[in-house]
Amino acid sequence: MRIFNWIGRITKIVVVGGVTGAVTLTSRLLDGTIGLVGRSSERLDAKLGALARASEERRRQQGRRPIDPITLR
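The model shown is predicted, which means the values in this text are computed figures rather than measured ones.

S.K.: Outline the overall build of the protein, listing residues and values.
M.R.: Looking only at helices and strands, the protein has one helix and zero strands in total. Here the C-alpha atoms of the protein give a radius of gyration of 29 Å, more than 25% beyond the 11 Å that 2.2 N^0.38 yields for 73 residues. Its C-alpha atoms give the protein principal-axis dimensions of about 90 × 25 × 5 Å. Here the protein displays about 7000 Å² of accessible surface, and carbon together with sulfur accounts for 64% of that area. Between the averaged position of the 14 positive side-chain charges in the protein and that of its 6 negative side-chain charges there is a distance of 12 Å.

S.K.: Can you explain the environment of Glu 56? Please cite residues and give values.
M.R.: Looking at the element boundaries, Glu 56 is found in helix α1 (residues 2-62). Expressed as a C-alpha distance, the spacing of Glu 56 and Arg 9, which sit 47 residues apart in the sequence, is 70 Å. Within the structure, the side chain of Glu 56 is placed 3.0 Å from the side chain of Arg 59, a separation counted as a polar contact.

S.K.: So, the pattern of salt bridges: which residues are in play, and what are the values?
M.R.: Scanning the model with the defined rule gives two salt bridges in all. Note that Arg 60 is salt-bridged to Glu 57, the shortest N-O span being 2.6 Å. Here Arg 60 pairs with Glu 57, and both are found in helix α1, just three residues apart, close to one helical turn.

S.K.: Give a detailed account of the environment of Gly 32, specifying residues and quantitative values.
M.R.: The topology assignment puts Gly 32 in helix α1. Between the C-alpha atoms of Gly 32 and Ile 67, which are 35 residues apart in sequence, the distance is 44 Å.

S.K.: Describe α1, listing the residues and the values that go with them.
M.R.: An ideal rise of 1.5 Å per residue puts 90 Å on 61 residues; α1 measures up with 89 Å between its terminal C-alpha atoms. At the C-terminal side of α1, Gly 63 shows a positive phi close to 80°.

Criteria and thresholds
Residues numbered from 1 in each chain as written. Predicted model: local features only at pLDDT ≥ 70, side-chain atom pairs only at ≥ 80, totals over all residues. Heavy atoms only, no water. Helix = DSSP H or I, 4+ residues; strand = E, 2+ residues; numbered from the N terminus. Rg over C-alpha atoms; globule rule 2.2 N^0.38 Å. Areas by Shrake-Rupley, 256 points an atom, 1.4 Å probe, with all protein chains shown as cover. Lys, Arg positive; Asp, Glu negative; His and termini not counted. Charge placed at Lys NZ, Arg CZ, Asp CG, Glu CD. Polar contact = N/O pair within 3.5 Å; in protein donor to acceptor, adjacent residues only side chain to side chain. Salt bridge = Lys/Arg side-chain N within 4 Å of Asp/Glu carboxyl O. Expected span 1.5 Å × (residues − 1).

Structural data, given as structure tokens:
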């Protein structure tokens, strides 16, 4: 009977450790992904801001350009 109790305790330790490890790994992966997306979003915002400033400056210097209704250029 002792051997079955020992096997049960070892199994419980392994299962609890495995579940805890999987949850920890998943949490770390999610944190990393969220950080990566956040940094990418900040870089995109900076680039879009620079494009908007360049567009405004170009419009200030050249004025509004008419759009060709046929080709939309």
